[in-house]
Amino acid sequence: MRRKDREITDEAKIDEVISRCHCCRLGFNDSGEVYIVPLNFGFVKRDGKRFFYFHSAKEGRKIDLINEGCEVGFEMDCGYELHPGESPCDCYAEFSSVIGTGKVEVITDADEKILGLQSLMKQAAGRENCEFRPEMLNAVCVFRLEVNKLSCKVHL
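Because the structure is predicted, anything quoted here is derived from the model rather than measured.

Enquirer: Lay out the nonpolar core in plain terms, naming residues and giving numbers.
Expert: Core analysis: the biggest nonpolar cluster contains 30 residues, and L26 and F52 have the highest contact counts within it. Contributions of two or more residues to this core are made by helix 1 (11-20), strand 2 (24-30), strand 3 (33-39), strand 5 (49-56), helix 2 (61-67), strand 6 (71-83), strand 7 (92-107) and strand 8 (141-155). Here this core gets six residues from one element, more than from any other, and that element is strand 8. Setting aside its immediate chain neighbours within four residues, L26 contacts Y35, I36, V37, L39, F54, V72, G73, F74, F143 and L145. L117, F132, L137 and V140 belong to the second-largest nonpolar core, a separate cluster that totals ten residues.

What follows is the structure, encoded as structure tokens:
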């Protein structure tokens, strides 16, 4: 990271930034073409590792790419506010952002699908302990991103 003065390395502060984000953009390499998709997400930290959960239709370009087993890039941000100045060079923006890479895979285990959907409902809607009927679980694809690399930047 070029601006080390804006880098956040404290694990609790990184998790706090993630908790304030509402959209995670996944970036795929589709035969040399970049494919970026914005998604609601859930967040779970387990054994010192971060996992993001997503839901989707069971078919489509994104699912095809996930099934190919490629590594993805991700980005999320929050708190953006532009501060204008006297001249264009005096402008600056406040923001918090998290970027990184990881491996994505479709979840087939029912218990982990429920965990993923519950984490998504907590992150996106502030709702905990939601119940999911079997037909709901069967109708949706849940996939998980296991984070390999991550950096967090804050400019206030």
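The structure having been displayed, the exposition proceeds.
Enquirer: How would you summarise the environment of S31 if you had to cite specific residues and measurements?
Expert: Along the chain, the position of S31 falls in the loop between strand 2 and strand 3. Each C-alpha atom, one on S31 and one on L65, is 9.7 Å from the other, the two residues being 34 residues apart in sequence.

Enquirer: Describe the state of the cysteines, with residues and values.
Expert: Formally, a disulfide is one covalent bond, and it connects the sulfur atom of one cysteine to the sulfur atom of another. Within this structure, the stated rule accounts for zero disulfides. In this structure C24 is not part of a disulfide, and its nearest cysteine sulfur, from C23, lies 7.1 Å away. In this structure C70 is not part of a disulfide, and its nearest cysteine sulfur, from C141, lies 14 Å away.

Rules and cut-offs
- Every residue gets a number counted from 1 within its own chain, in the order that chain's sequence is written.
- Per-residue local features are limited, in this predicted model, to residues with pLDDT of at least 70; the limit for side-chain atom pairs, both in listing and counting, is 80 or more; totals at the level of whole chains, interfaces and linings are taken over all residues.
- Side-chain descriptors were evaluated using all non-hydrogen atoms of the structure, hydrogens and water having been removed beforehand.
- What is meant by a nonpolar core is a set of buried Ala, Val, Leu, Ile, Met, Phe, Trp, Tyr and Cys residues, joined one to another through side-chain atoms within 4.5 Å.
- For the exposure calls, accessible area comes from a 1.4 Å probe over protein chains only, and a residue counts as buried if that area is under 20% of its type's maximum, exposed if over 50%, partly exposed in between.
- For helices the rule is a DSSP run of H or I covering at least 4 residues; for strands it is a run of E covering at least 2, with both sets numbered from the N terminus onward.
- Two residues form a contact once any of their heavy atoms are found within 4.5 Å.
- Only a pair of cysteine sulfur atoms within 2.5 Å counts as a disulfide in this structure description.

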